[in-house]
Amino acid sequence: MKIAMVGSGYVGLVSGACFADFGHDVVCIDKDQSKIDRLHDGIMPIYEPGLDSLVESNMRSGRLSFTTSLSEGIKGASAIFIAVGTPSRRGDGHADLTYVYQVAEEIGENLSNDAVIVTKSTVPVGTGDEVERIIADTGTSHKFAVVSNPEFLREGAAIGDFKHPDRIVIGTEDDFGREVMREVYRPLFLNESPILFVDRRTSELIKYAANAFLATKITFINEMADLCEKVGANVQDVSRGIGMDGRIGPKFLHAGPGYGGSCFPKDTLALLKTAEDYDSPTRIVEAVVKVNDSRKRAMGRKVLDALGGLEEARGKKAALLGLTFKPNTDDMRDSPAIAVAQTLIDAGVEVSAYDPEGMEIAKPLMPEVTMCADPYEAIKDADATVIVTEWDAFRALDLVKMKETAKAPVLVDLRNIYTPADVRAAGFEYSSVGRG
Ligand code: UDX
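Residues numbered from 1 in each chain as written. Predicted model: local features only at pLDDT ≥ 70, side-chain atom pairs only at ≥ 80, totals over all residues.

*Asks:* Looking at this structure, I do not really get the overall build of the chain. What am I missing?
*Replies:* A count of helical and extended segments in the chain gives 19 helices and 14 strands. Relative to the compact-globule value of 22 Å for 436 residues, the chain shows a C-alpha radius of gyration of 24 Å, a close match. In the chain, which comprises 436 residues, the proportion classed as buried is 47%. (Helix = DSSP H or I, 4+ residues; strand = E, 2+ residues; numbered from the N terminus. Rg over C-alpha atoms; globule rule 2.2 N^0.38 Å. Buried ≥ 20, exposed ≤ 12 C-beta atoms within 10 Å, placed from the backbone.)

Below is the structure:
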């Protein structure tokens, strides 16, 4: 089966490469000539473990190709995926659908065979109706159906998530749409991944509801962590204790500096906008957004406390380990590290940092932070070392070397990756999140 993927960003590229790996014939399309040139040369536009070799092997086998020409790329494709960005619109938080609609029109104008058009981009409820109208308005003579198929992959684990999903959600009321989508996902069907067929609007809402629910889970446990600190309890044990209840489940209950990334912040805001438009308030999600926003700066204040308080901290130095919003990505979007660094800088603290993949992207976002070549260079003469992102490289730091390198043995662990007793035994003043 031939599949066209319009948009070779994060979702488009991972999905395209995985579909090719399943044996489909995939063309990834992107307007950005330099991105396509680089992909031809095997250079990935994003950092995602395993993606380069997956792209390379499928290009070599001839099942995966790249082009800037939409009309060429979609020729003969039975399924045309729209996987372009839907950023938050400046000012109002609505998802910006300009690219989705432009692509829909271009697809309609260039359709040369019957095809199913699939929105994989995260789009608000009702977008599928609009995409369908736009394509119909181009006057195409070919049969088409517009299907919603949201993507649930996590950065850093995207290939595994794509190949072994908890579920595949397909939103369509159209028989042709259903038939083609069954074919698209046949290899996963054989893997026994559950496929849920629902109507299109429901499918669009499922994506937002899933992300908002996960954001809520994280925010809930973060507030429990704050309470744990006050009452002298341990949030990791609280997570375990509640997570063993099958109705709650153990995942997404790691307390930390607040969620960031390209999805949760943007999608929760967009959901709020949809709720507002339909006059159906989602007050829980409203609270989640507010609590998570304020948490990021609160984590900066936690570091100031470790430096002896606002007055004492001025002129001291803090080393941040990890800048990306989570490990195994170079993504800095809405990363808590940005707010933590800014809070420290505003308080007159000198900040150095190290991140295994994110420093190039982080530099312009935090120009006052000194980027360092390795963790120990960042730690040099620091009055406090802060673990902001739980990269594996920070899980087994040489505490003796750290103590010798830093000015003061103070460790603030915003991801709870160390055992308090061990770090204290090594002579550190240690604080973490929600542990007594
Ligand atoms: C998320 C969804 O998981 C994915 O299904 C959707 O398609 C896109 O958004 P992603 O943004 O890649 O994926 O990252 P994820 O691993 O979900 O983490 C999101 C944020 O939550 C990160 O900042 C992470 O550090 C934080 N988080 C996650 C916690 O603080 N605690 C947790 O227990 C889990």
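Structure shown, so let's carry the discussion forward.
*Asks:* Looking at this structure, I do not really get the site of the ligand. What am I missing?
*Replies:* Not every one of the 20 residues close to the ligand is listed here, only the nearest: Glu155, His254, Tyr259, Gly261 and Cys263. Looking at the shell around the ligand, the element that brings in the most residues is helix α10 (residues 200-231), giving three residues. Taken together, the residues of the shell around the ligand sort by class into ten nonpolar, six polar and four charged. (Near = placed C-beta within 6 Å. Nonpolar A, V, L, I, M, F, W, Y, C, P; charged D, E, K, R; others polar.)

*Asks:* In this structure, what is going on with the domain arrangement of the chain? I would like to understand it.
*Replies:* By a widely used convention, the size of an interface equals the accessible area lost when the partners come together. As assigned here, the chain comprises domain 1 (2-198) and domain 2 (296-431). Centre-to-centre separation of domain 1 and domain 2, based on C-alpha positions: 38 Å. At the junction of the two partners, domain 1 supplies four residues and domain 2 supplies seven residues. When the residues that make up the side of domain 1 that touches domain 2 are grouped by side-chain class, the tally is two nonpolar, one polar and one charged. (Domains from an automatic or database assignment. Contact = placed C-beta atoms within 7 Å.)

*Asks:* Explain the UniProt feature "domain: UDP-glucose/GDP-mannose dehydrogenase C-terminal" (unreviewed entry) in the chain here, please?
*Replies:* UniProt tags residues 319-420 as "domain: UDP-glucose/GDP-mannose dehydrogenase C-terminal" (unreviewed entry). Here residues 319-420 runs as 30% helix and 18% strand, with 19 Å between its end C-alpha atoms. (UniProt positions renumbered as here; feature names shortened; annotations may be inferred.)

*Asks:* Looking at this structure, how should I read helix α3 (residues 51-60)?
*Replies:* Side chains three or four residues apart in an α-helix point the same way, a direct result of the helix having 3.6 residues per turn. Of all the residues in α3, the buried ones are Leu54, Val55 and Asn58. The arc that holds the buried residues of α3, viewed along the axis, is 95°, so those residues lie on one side. Residues of α3 that are exposed and point more than 90 degrees away from the buried face comprise Ser53 and Arg60. Looking at the buried residues of α3, the elements they touch are α1 (10-21), β3 (64-67) and α7 (158-163). Downstream of α3 by one or two residues, glycine 62 has phi in the positive range, about 85°. (Arc of directions from axis to C-beta.)

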